[in-house]
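Observations on the three-dimensional arrangement
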Amino acid sequence: MQDFLTGLAFFLIIEGLVYARAPRFFIEMAKVLPTVPERQLRTFGLVAMALGAGGVWLLRA
């Protein structure tokens, strides 16, 4: 449970950095996202998930 909460905390830190350091970029990204095909967004999400899981696996091994 502690690992999950640590991961959630890191997620919030990284998410907060986007808002704090580049709010204009985030606004522009929010405007562009509806034009990106759903399949491409899903593929990007799955790749990001796989890279994250692989990174955790490598760090824990």
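Worth saying up front: this structure is predicted, and the values here are computed from it rather than measured.

**Topic: the overall build of the protein chain**
Counting its regular elements, the protein chain contains 3 helices and 0 strands. Tracing the protein chain from N to C terminus, the helices and strands come up as α-α-α. Along the longest, intermediate and shortest principal axes, the C-alpha atoms of the protein chain span 40 × 30 × 15 Å. Counting the 61 residues in the protein chain, one finds 0% classified as buried. Positive and negative charge centroids in the protein chain, built from 6 and 4 side chains respectively, lie 5 Å apart.

**A closer look at the pattern of salt bridges**
Taken as a whole and judged by the stated rule, the model has 3 salt bridges. A salt bridge links Lys-31 to Glu-28; the nearest nitrogen and oxygen atoms lie 3.6 Å apart. Here Lys-31 pairs with Glu-28, and both are found in helix H2 (residues 23–32), just 3 residues apart, close to one helical turn. A residue is classified by how much of its surface remains accessible, and Lys-31, at 54% relative accessible area, is exposed.

**As for the layout of surface pockets**
The volume enclosed by the largest pocket comes to roughly 240 Å³. Around the largest pocket sit Phe-4, Gly-7, Leu-8, Phe-10, Phe-11, Ile-14 and Val-56, which together line it. When residues of the lining of the largest pocket are assigned to their parent elements, the largest contribution, 6 residues, is made by helix H1 (residues 2–21). Of the volumes computed, that of the second largest pocket is approximately 200 Å³. Taken together, Phe-44, Ala-48, Met-49 and Gly-52 make up the lining of the second largest pocket. Broken down by class, the residue content of the lining of the second largest pocket amounts to 3 nonpolar, 1 polar and no charged.

**Comments concerning the confidence of the model for the protein chain**
Overall, the prediction assigns the protein chain a mean pLDDT of 92, with 100% of residues at 70 or greater. Averaged over each element, pLDDT in the protein chain is lowest for H1 (90) and highest for helix H3 (residues 38–60) (93).

**Looking at a nonpolar patch on the surface**
A surface patch of nonpolar side chains, amounting to about 690 Å² of accessible area, comprises Met-1, Phe-4, Leu-5, Leu-8, Phe-11 and Leu-12. For Phe-11, the position within the fold is in helix H1. Relative accessible area serves as the criterion here: at 48%, Phe-11 is assigned to the partly exposed category.

The rules behind each value
- Residues numbered from 1 in each chain as written.
- Predicted model: local features only at pLDDT ≥ 70, side-chain atom pairs only at ≥ 80, totals over all residues.
- Heavy atoms only, no water.
- Helix = DSSP H or I, 4+ residues; strand = E, 2+ residues; numbered from the N terminus.
- Buried < 20%, exposed > 50% of the residue type's maximum accessible area, 1.4 Å probe, protein only.
- Lys, Arg positive; Asp, Glu negative; His and termini not counted.
- Charge placed at Lys NZ, Arg CZ, Asp CG, Glu CD.
- Salt bridge = Lys/Arg side-chain N within 4 Å of Asp/Glu carboxyl O.
- 1 Å grid on protein atoms, 1.4 Å probe; cavity = no way out; pocket = protein on both sides within 12 Å on 5 of 7 lines; lining within 4 Å.
- Points joined across faces, edges and corners; volume = space filled by probe spheres on them.
- Nonpolar A, V, L, I, M, F, W, Y, C, P; charged D, E, K, R; others polar.
- pLDDT = per-residue confidence, 0-100.
- Patch = residues over 30% accessible without salt bridge, like charges linked within 9 Å, V, L, I, M, F, W, Y side chains within 5 Å.
- Areas by Shrake-Rupley, 256 points an atom, 1.4 Å probe, with all protein chains shown as cover.

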